[in-house]
Amino acid sequence: MYETSYHNINLGQYKFLITGGAGFIGSNLTEYLLKYGAGKVRILDDFSTGSRENIKPFLDNPAFELYEGDIRDIEACRRAVEGMDYISHQAALGSVPRSINDPITTNEVNISGFLNMLVAARDANIKRMIYAASSSTYGDHPDLPKVEDKIGNPLSPYAITKYVNELYAGTFSKVYNFHTIGLRYFNVFGPKQDPDGAYAAVIPLFIKAALSAEAPFINGDGKTSRDFTFVENAVQANIRALFFNDLHEHQVVNIACGESTTLNQLWKVISSVEDVDIQPHYQPEREGDVKHSLADISKVNGLLGYVPSVKVKDGLVLTYSWYKNKKK
Ligand SMILES: NC(=O)c1ccc[n+]([C@@H]2O[C@H](COP(=O)([O-])OP(=O)(O)OC[C@H]3O[C@@H](n4cnc5c(N)ncnc54)[C@H](O)[C@@H]3O)[C@@H](O)[C@H]2O)c1
């Protein structure tokens, strides 16, 4: 992965903090930065949902540094940002169902933790902070494809937290002249995404089912659709946003592929890669989920020059072989 670079500056002169760097997206971003010779990549993570395995390949790299800590602790955030040039804030508790089961912890990590990072970054005069926003912010707005400035009411506690992040970031831009970019990710998938546990995402669950020749569970009739986004595209967006020079206000952009795939189509592709012919189990739709989600990516294309370099099908094949090799 990451055969293409998305930057044209020497990364060796800069130090990067990736919060949530032991998680799925954060560890992929860390991999990219180390691969292209970043001066330092420090991660801040409490390993609540991330894993030591995700960062194992970096431990021998002298440019890599691990800060074990909790973003709910402002002092941990202040220590982590010290001496850094750039920050990508990925740490959060993901998952709509998790937030429905435990809204208080999701709120503390995703809102208070986010605010701590904003304050710490502002005070440390870092060059740029990027943060993980979410397509869940579109809530019940009916329009498709989703355009950044048309959002509805949130459908879950998780969606509220991600929207509050945007509100805080917008306010920090106006009040403190501290400008950030929020990346509204749409269903990111790829290597290193956790396939286990109650809150696993659909693609690792489907791949796990195909690899063990078991029927996957589909919530609803399978016609639910998503704009699945291969993780390299999310990494590309982070890199472009970190080095975007012309930022005079807070910006929020969709990060997606711009392609719609139903869950039934998804299972068809995944089961055909493994060459299994299994009918899924259908179960009731989940609370808090939207039926369809598809992004308009023209804003991020115009602002940052982002073009999804890996399409859904190619990303699925790459992801599939990664899980298959891991299983061996
Ligand atoms: N994966 C997606 O499809 C998707 C979609 C929209 C938004 N996002 C957002 O992108 C970001 C990264 O998501 P991911 O899929 O890589 O999730 P992940 O769970 O794999 O990674 C999150 C990381 O944050 C760490 N973390 C959690 N709470 C923490 C705390 N209190 N202090 C320090 N570290 C903490 C976890 O240990 C983990 O390593 C999150 O902010 C998530 O909300 C993800």
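A brief report on the enclosed structure follows.

Reading the values: the criteria
Residues numbered from 1 in each chain as written. Predicted model: local features only at pLDDT ≥ 70, side-chain atom pairs only at ≥ 80, totals over all residues. Heavy atoms only, no water. Salt bridge = Lys/Arg side-chain N within 4 Å of Asp/Glu carboxyl O. Helix = DSSP H or I, 4+ residues; strand = E, 2+ residues; numbered from the N terminus. Buried < 20%, exposed > 50% of the residue type's maximum accessible area, 1.4 Å probe, protein only. Contact = heavy atoms within 4.5 Å. Near = heavy atom within 4 Å. Polar contact = N/O pair within 3.5 Å; in protein donor to acceptor, adjacent residues only side chain to side chain. Areas by Shrake-Rupley, 256 points an atom, 1.4 Å probe, with all protein chains shown as cover. Nonpolar A, V, L, I, M, F, W, Y, C, P; charged D, E, K, R; others polar.

This paragraph deals with the pattern of salt bridges. Going through the model one piece at a time under the given rule, you end up with 17 salt bridges. In this structure, arginine 78 engages aspartate 123 in a salt bridge whose closest nitrogen and oxygen atoms are separated by 2.9 Å. Here the residue arginine 78 occupies a position in helix α3 (residues 74-81), and aspartate 123 occupies one in helix α5 (residues 103-123), the gap between them amounting to 45 residues. Assessed through its relative accessible area of 31%, arginine 78 is described here as partly exposed. Note that aspartate 143 and lysine 150 form a salt bridge whose closest N and O atoms lie 3.5 Å from each other. Taking relative accessible area as the criterion, aspartate 143 reaches 33% and is therefore assigned partly exposed. Owing to a relative accessible area of 42%, lysine 150 belongs among the partly exposed residues under this scheme. Where salt bridges share partners, they join Lys40, Arg42 and Glu65 into one cluster.

What follows is about the environment of alanine 209. Mapped onto the elements of the fold, alanine 209 is located in helix α7 (residues 202-211). Exposure remark for alanine 209: the relative accessible area of 7% places this residue in the buried category. Sequence separation between alanine 209 and proline 280 is 71 residues; the distance between their C-alpha atoms is 9.7 Å. In this structure, alanine 209 is in contact with Glu214, Ala215, Pro216 and Trp267, ignoring residues within four places of it in sequence.

With that out of the way, let us pick up the site of the ligand. Lining the immediate environment of the ligand, one finds 27 residues, of which Asp45, Thr49, Asp70, Tyr158 and Val188 sit closest. Within the backbone of glycine 50, one N or O atom sits 2.9 Å away from an oxygen atom of the ligand. Between the ligand and lysine 162, the relevant distance is 2.9 Å, taken from an oxygen atom to a side-chain nitrogen or oxygen of the residue. For the ligand, whose accessible area on its own is 820 Å², the fraction buried by protein is 91%. Counting only elements with at least two residues in the shell around the ligand, the list comes to α1 (24-35), β5 (128-134) and α6 (157-176). Its residues placed into classes, the shell around the ligand shows 13 nonpolar, nine polar and five charged.

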